[in-house]
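Here is how the chains run, residue by residue.
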Amino acid sequence: MIHAPARLQILSLLAAATEAEFAFVRDSLEISDSVLSKHAAALEKAGYVEIRKGYVGKRPRTWLKLSPQGRRAFAEYVDNLQRIVGRPLTGDPQST
């Protein structure tokens, strides 16, 4: 679920915040509304992201937040990547 680049970027950004407005996430990641909506919905369905809708004045707004389950899944994913990257290379890459 997390491995897709856009989803990994979304979770990475949300891991550093309490909550983020949809437009901020979209602009920070330089992705379209439709791409963010699609991936946010998939992450919400998996239980990794909470989506809150509301208003600022009369303007509708959407906020994204990493759920506790999402925070655990992201931390585990990062730990696994660090274990993989931290392994010594086997063999001499120059000889291939």
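Heads up: the structure comes first, above all this text.
Everything numeric in this text was worked out from a predicted model, so none of it was measured.

**Student:** Quick one: what's the story with the packing of aromatic side chains, residue by residue and with numbers?
**Tutor:** Applying the stated rule across the entire model yields 0 aromatic pairs. When the ring centre of Trp 63 is taken as reference, the NZ or CZ atom of Arg 52 above it lies at 4.1 Å.

**Student:** Go over the sheet that holds strand β2 (residues 49-56) with me, naming the residues and quoting the values.
**Tutor:** A sheet is described by the order of its strands in space; here 3 strands give the open sequence β1-β3-β2, paired in antiparallel fashion. Two strands in the sheet have a free side with no partner beyond their single neighbour: β1 (20-21) and β2. As defined by bridge partners, β1 adjoins strand β3 (residues 59-66) across 2 bridges and the pair is classed as antiparallel. Opposite Ala 20, over in β3, you have Leu 64 as the bridge partner. Here helix α1 (residues 5-15) sits on the sheet in contact with β1, β2 and β3, set at roughly 90 degrees to β3.

**Student:** Requested: an account of the packing of α1 against helix α3 (residues 33-45), with residues and values cited.
**Tutor:** Viewed as axis vectors pointing N to C, α1 and α3 meet at an angle of 75 degrees, and their least axial separation amounts to 10 Å. Judged by the inter-axis angle, α1 sits roughly perpendicular to α3. Between α1, through Ala 6, Arg 7, Ile 10 and Leu 11, and α3, the contact on the second element is made entirely by Val 35, Leu 36, His 39, Ala 42 and Leu 43. Tallied by class, residues from the contact of α1 with α3 come to 7 nonpolar, 1 polar and 1 charged.

Thresholds applied
Residues numbered from 1 in each chain as written. Predicted model: local features only at pLDDT ≥ 70, side-chain atom pairs only at ≥ 80, totals over all residues. Heavy atoms only, no water. Phe/Tyr/Trp six-rings, centres within 6.5 Å; stacked < 30°, edge-to-face > 60°. Lys NZ or Arg CZ within 6 Å of the ring centre and 35° of its normal. Pairing = 2+ DSSP bridges. Helix = DSSP H or I, 4+ residues; strand = E, 2+ residues; numbered from the N terminus. Contact = heavy atoms within 4.5 Å. Axes fitted to C-alpha atoms, helices over the stretch in contact; angles between N-to-C directions. Parallel < 35°, antiparallel > 145°, perpendicular 65-115°, else oblique. Nonpolar A, V, L, I, M, F, W, Y, C, P; charged D, E, K, R; others polar.

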